[in-house]
Amino acid sequence: PIGPGLEKITMRLFRKKAAPAQPRRIPTHIAIVMDGNGRWAKQRGLPRPAGHKAGAESFRTIANYAKSIGLQYLTVYAFSTENWKRPADEVNTIMGLLKQYMLEAIDSMERDQIRLRFLGDLSALSPELQELARRTNEISSHIQGFQANVCINYGGRDEIIHAARRFAADCVNGVKKPEELTEADFAHYLYTDGIPDPELIIRPSGELRTSNFLLWQSAYAEYYFTDVLWPDFDESELDKAIASYQKRERRFGGRK
Ligand code: FPP
């Protein structure tokens, strides 16, 4: 007689093998539009600059957490080419926060093994900020590991125009030939030269726009939108964004 034991064995023989648990796919590069600082401040009856201060704190928290979970690159949008239109005290606050961050970074990045890079047209910044950016870049050049990219006076179209100009100049100088330009070649002219494209782009605060952020680099990125305001965006919010990314199937225009 076939006992329950044998039944179990035959069932096991015919049962489809369970799919192996998906290894945790941590993206290599996450980019974030740090949005909602103004509304966060307004909700608390505070002036807008207070929102940016809280936003800079969120950036510190998220950068440290990103490094701890094995992310290699984190890119944040700190100041766009259009943000100069904001009131002077708000622009000054953001520039002040960037300066403070650069000064801190110069002291701590070697110890913490965090590379820092500033992306954008830095020529419009004060000579002091340009010098601090140059120093952080210099220190970063002999550090390995996690890299935080802070976009300042950055615009996706502006970046592409800068790249096109530099490529055209190389053509005029006979270094390059227009008909030989490839996508990979063109990417070397972008501010993000050497940085892999982000797999995941996060925009908090309920806005559903790309706002000129990483136009070229976002071609195949997954987007994650949340209503949480940037100053409230903490480690668990980043976990949620990554979990959402991990559930998606990336096809790069192909088929399974
Ligand atoms: C957008 O929110 C945010 C900015 C224009 C500035 C972001 C800058 C920082 C967080 C400081 C940067 C400092 C470091 C150290 C990286 P918003 O003001 O447009 O918000 P709102 O849409 O609610 O008004």
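Refer to the preceding data block for the structure.
What you see is a predicted model; the values in this text were computed from it and never measured. (Residues numbered from 1 in each chain as written. Predicted model: local features only at pLDDT ≥ 70, side-chain atom pairs only at ≥ 80, totals over all residues. Heavy atoms only, no water.)

*Asks:* Break down the site of the ligand for me, with residues and values.
*Replies:* In the vicinity of the ligand lie 17 residues, with M34, G38, R39, R48 and R86 positioned nearest. Separating an oxygen atom of the ligand from a backbone N or O atom of N37 is a distance of 3.2 Å. The separation between an oxygen atom of the ligand and a polar side-chain atom of R48 is 2.7 Å. Mapped by element, the contributors of at least two residues to the shell around the ligand are α2 (37-43), α3 (48-68) and α4 (88-112). Of all the elements, α3 adds the most residues to the shell around the ligand, at five residues. Taken together, the residues that form the shell around the ligand break down as seven nonpolar, six polar and four charged. (Near = heavy atom within 4 Å. Polar contact = N/O pair within 3.5 Å; in protein donor to acceptor, adjacent residues only side chain to side chain. Helix = DSSP H or I, 4+ residues; strand = E, 2+ residues; numbered from the N terminus. Nonpolar A, V, L, I, M, F, W, Y, C, P; charged D, E, K, R; others polar.)

*Asks:* Tell me about the nonpolar core, residues and numbers included.
*Replies:* Ranked by size, the top nonpolar core spans 45 residues in total, and within it I30, F59, L74, V150, I152 and I202 carry the most contacts. Broken down by element, this core gets its largest block of residues, nine residues, from α4. By size, the runner-up hydrophobic cluster in this structure holds 13 residues, among which are L119, Y154, I195 and F213. (Core = buried A, V, L, I, M, F, W, Y, C linked by side-chain atoms within 4.5 Å. Buried < 20%, exposed > 50% of the residue type's maximum accessible area, 1.4 Å probe, protein only.)

*Asks:* How would you summarise the environment of A56 if you had to cite specific residues and measurements?
*Replies:* Mapped onto the secondary structure, A56 falls in helix α3. Overall, A56 belongs to the buried group, its relative accessible area being 18%.

*Asks:* Summarise the sheet that holds strand β5 (residues 200-203); cite the residues concerned and give the values.
*Replies:* Strand order across the open sheet formed by six strands is β3-β4-β2-β1-β5-β6, with parallel pairing between neighbours. If you trace the sheet from one side to the other, it starts and ends with β3 (115-119) and β6 (222-225), each paired once. Direction aside, the axes of adjacent strands within the sheet are offset by 20° on average. With three bridges joining them, strand β1 (residues 29-33) and β5 adopt parallel strand pairing. Residue I30 lies in a different strand from β5, and its bridge partner there is L200. Running over the sheet, α3 touches β1, β2 (73-77) and β4 (147-151) and is turned about 165° from β2. The strands that helix α8 (residues 235-247) touches are β1, β5 and β6; relative to β5, the one it contacts most, it runs at about 135°. (Pairing = 2+ DSSP bridges. Axes fitted to C-alpha atoms, helices over the stretch in contact; angles between N-to-C directions. Contact = heavy atoms within 4.5 Å.)

*Asks:* Quick rundown of unusual backbone geometry? Include the residues and the values.
*Replies:* If you check the backbone angles, S211 has positive phi at about 50° while not being a glycine. For S211, a relative accessible area of 30% translates into the label partly exposed. Of note in the backbone geometry, N212 takes a positive phi value of approximately 65° without being a glycine.

*Asks:* Any details on α8? Residues and values, ideally.
*Replies:* Since the α-helix packs 3.6 residues into each turn, any two residues three or four apart lie on the same face. Given a rise of 1.5 Å per residue, 13 residues ought to cover 18 Å, and the 19 Å separating the end C-alpha atoms of α8 matches this to within 8%. Buried residues in α8 make contact with β1, α3, β5 and β6. (Expected span 1.5 Å × (residues − 1).)

*Asks:* Residues and numbers for the packing of α3 against α4, please.
*Replies:* Orientation of α3 relative to α4, taken along the N-to-C sense of each, is 25°, at an axis distance of 10 Å. For the element pair α3 / α4, the angle class is roughly parallel. Note that α3 runs across α4; the crossing there is right-handed. Touching R48, P49, H52, K53, A56, F59, R60 and K67 of α3 are D89, E90, T93, I94, L97, Q100, Y101, E104 and D112, all from α4. Taken together, the residues that form the contact of α3 with α4 break down as six nonpolar, three polar and eight charged. (Parallel < 35°, antiparallel > 145°, perpendicular 65-115°, else oblique. Left-handed = near helix turned anticlockwise from the far one by under 90°.)

*Asks:* An account of the packing of aromatic side chains is requested, with residue identities and associated values reported.
*Replies:* In total, this model carries 10 aromatic pairs according to the counting rule given. An angle of 50° between the planes, with centres 5.0 Å apart, marks the rings of F186 and W216 as tilted. Taken together, the residues F186 in helix α7 (residues 183-187) and W216 in the loop between β5 and β6 connect sequence positions 30 residues apart. Accessibility expressed as a relative area gives 9% for F186, which makes it buried. The class for W216 is partly exposed, based on a relative accessible area of 29%. (Phe/Tyr/Trp six-rings, centres within 6.5 Å; stacked < 30°, edge-to-face > 60°.)

*Asks:* Explain the side chain of E237 to me, using residue names and the numbers behind them.
*Replies:* Following the sequence through the fold, E237 ends up in helix α8. Aside from chain neighbours lying at most four places away, what touches E237 is T226, V228 and D232.

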